[in-house]
Amino acid sequence: EVVLTQSPGTLSLSPGEGVTLSCRASQSVNTSFVSWYQQRPGQPPRLLIYGASVRASGVPDRFSGSGSGTDFALTISRLEPEDFTVYYCQQCGGSPLYTFGQGTKLEIK
Amino acid sequence: EVQLVESGGGLVQPGGSLRLSCAASGFSLTGYWMSWVRQAPGKGLEWVANIMDDGGSHSGASVKGRFTISRDNAKNFVYLQMNRLRAEDTAVYYCARGGSRGSLDYWGQGILVTVAS
C-alpha cells in the first residue's frame, strides 16, 4: 500500500514569504501521476499541479511542483492572503489506485 | 462549463443503504474516468471508488464489498451505491472527474452523508 506523508502538518508564515511543502511516498511512485490540490474551507479541492510539475489551467505561476521517486514538493514563491489554507498531495496508479496525503495547513503568523 | 452536481445524501441509520448520484454537464462522460472521494468532518481526503471509461472499477479497502460505483454515459450520470453503512462512513462525498496523468481535475460541491441512529 502506498502511503503519502505530508510535512509539516501546519506551517505559520507571513504573506509575501515563500514556502515548500513536502510529500513523501512510502514506496516509489510514478512521477507522472502525482498531483497537488488546494482546499479552502467549505469548498471542494482545486487541482493545482499534475504530473508532479505541470500547473493546471488558471493556476498562478507562484505555484510550482517538483520531485520524483518518493519525494515531492509544492513550492509557493510569494504567499498571498488567499493561499493560507490546506494543501494535499495525491498519487494515482499504486495500490490503492488513488492515495492522498493527510494535508498541510498554512496559517498566517 | 464543466459541472458536477451530487445528490442523494442525507441521514441514514447504521446498516442502511443510500445511493448517491453525480450529474455531469459541460462534457460527455464517455472517455473519462470518474471517482468518488470523501472527507469526514474535520479530516482529510479519502478516495472511495473509481470507474474507468470501459466500466472497470476499483474501490478503497474501507468500502470494498459494501460500495459500488457505476455510470450511465447516455444520461451523463455516475452513481455510488452504499450498503451496510457505518458511522465511520459519515462524510462529505465528492464526485470528481479523472484528468491528465491521474489527477482529478473537476470536483462537485459535495454532498453530506450522515450515518447515525
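Everything here concerns the structure above.
Analysis parameters
Residues numbered from 1 in each chain as written. Chains lettered and ligands numbered in written order. Predicted model: local features only at pLDDT ≥ 70, side-chain atom pairs only at ≥ 80, totals over all residues. Heavy atoms only, no water. Salt bridge = Lys/Arg side-chain N within 4 Å of Asp/Glu carboxyl O. Helix = DSSP H or I, 4+ residues; strand = E, 2+ residues; numbered from the N terminus. Buried < 20%, exposed > 50% of the residue type's maximum accessible area, 1.4 Å probe, protein only. Contact = heavy atoms within 4.5 Å. Buried area = accessible area lost by both parts, 1.4 Å probe. Polar contact = N/O pair within 3.5 Å; in protein donor to acceptor, adjacent residues only side chain to side chain. Nonpolar A, V, L, I, M, F, W, Y, C, P; charged D, E, K, R; others polar. Pairing = 2+ DSSP bridges. Axes fitted to C-alpha atoms, helices over the stretch in contact; angles between N-to-C directions. Disulfide = S-S within 2.5 Å. Core = buried A, V, L, I, M, F, W, Y, C linked by side-chain atoms within 4.5 Å. Phe/Tyr/Trp six-rings, centres within 6.5 Å; stacked < 30°, edge-to-face > 60°. Lys NZ or Arg CZ within 6 Å of the ring centre and 35° of its normal.

One pass over the structure, following the stated rule, counts seven salt bridges over all chains. With a shortest N-O distance of 2.8 Å, Arg62(A) and Asp83(A) are connected by a salt bridge. Highlighted residues: Arg62(A) in the loop between β6 (54-55) and β7 (63-68) and Asp83(A) in the loop between β8 (71-76) and β9 (86-92), separated in sequence by 21 residues. Here Arg62(A) falls in the buried class, since its relative accessible area comes to 12%. Beyond isolated ion pairs, a larger network of salt bridges with shared partners links Arg38(B), Glu46(B), Arg66(B) and Asp89(B).

Here the focus is the interface of chain A and chain B. Contacts between chain A and chain B engage 19 residues on the former and 21 residues on the latter. Buried surface at the junction of chain A and chain B, both sides included, amounts to about 1,700 Å², of which 66% is carbon and sulfur. It is Leu97(A), Tyr98(A) and Phe100(A) in chain A that bury the most area against chain B; as a group they hold 34% of the surface buried on that side. At the junction of chain A and chain B, the tally comes to zero salt bridges. Linking chain A with chain B are five residue pairs in polar contact (both at pLDDT 80 or more). For the side of chain A that touches chain B, the elements supplying multiple residues, two or more each, are β4 (34-39), β5 (46-50), β9 and β10 (98-100) of chain A. In terms of residue class, the side of chain A that touches chain B is made up of 13 nonpolar, six polar and no charged.

Before going further, it helps to spend a moment on the sheet that holds β7(A). Either a parallel or an antiparallel arrangement is found when strands of a sheet pair, and the pairing is made through backbone hydrogen bonds. All names here are of chain A. Here four strands make up an open sheet; going across it, the order is β1-β3-β8-β7 and the pairing antiparallel. Each edge of the open sheet is held by one strand with a lone partner, namely β1 (4-7) and β7. Strand-to-strand twist in this sheet, taken as the mean axis angle between neighbours without regard to direction, amounts to 20°. Pairing analysis gives four bridges linking β1 to strand β3 (residues 19-25), with the strands arranged antiparallel. Directly across from Leu 4, in β3, lies its bridge partner Ala 25.

The subject of this paragraph is the state of the cysteines. Here a disulfide denotes a covalent bond joining the sulfur atom of one cysteine to the sulfur atom of another. Residues and elements named next belong to chain A. Scanning all chains against the criterion turns up two disulfides over all chains. Two residues, Cys 23 and Cys 89, share a disulfide whose sulfurs are 2.1 Å apart. Residues Cys 23 and Cys 89 share a disulfide whose torsion about the S-S bond is about 75°; that sign makes it right-handed. One end of the pair, Cys 23, is in strand β3; the other, Cys 89, is in strand β9, with 66 residues separating them in the sequence. Judged by its relative accessible area of 1%, Cys 23 is buried.

This part takes up the nonpolar core. Membership of the largest hydrophobic core comes to 40 residues, with the highest contact counts inside it found for Trp36(A) and Leu106(A). Judged by nonpolar contacts, the second largest core, of 27 residues, contains Leu18(B), Met34(B), Val78(B) and Ala91(B).

Here we take up the packing of aromatic side chains. With the rule as written, the count across this model stands at eight aromatic pairs over all chains. The interplanar angle of 75° and the centroid separation of 5.8 Å between the aromatic rings of Tyr94(B) and Trp107(B) together place this pair among those described as edge-to-face. In this pair, Tyr94(B) sits in strand β9 (residues 91-98) while Trp107(B) sits in strand β10 (residues 104-107), placing the two residues 13 residues apart along the sequence. Overall, Tyr94(B) belongs to the buried group, its relative accessible area being 4%. A residue is classified by how much of its surface remains accessible, and Trp107(B), at 11% relative accessible area, is buried. By the ring-pair criterion, three or more aromatic residues cluster together here, those being Tyr37(A), Phe100(A), Tyr94(B) and Trp107(B). The side chain of Arg19(B) reaches across the aromatic face of Tyr79(B), ending 4.1 Å from its centre. Cation over ring: Arg97(B) sits above Phe27(B), and NZ or CZ is 4.8 Å from the ring centre.

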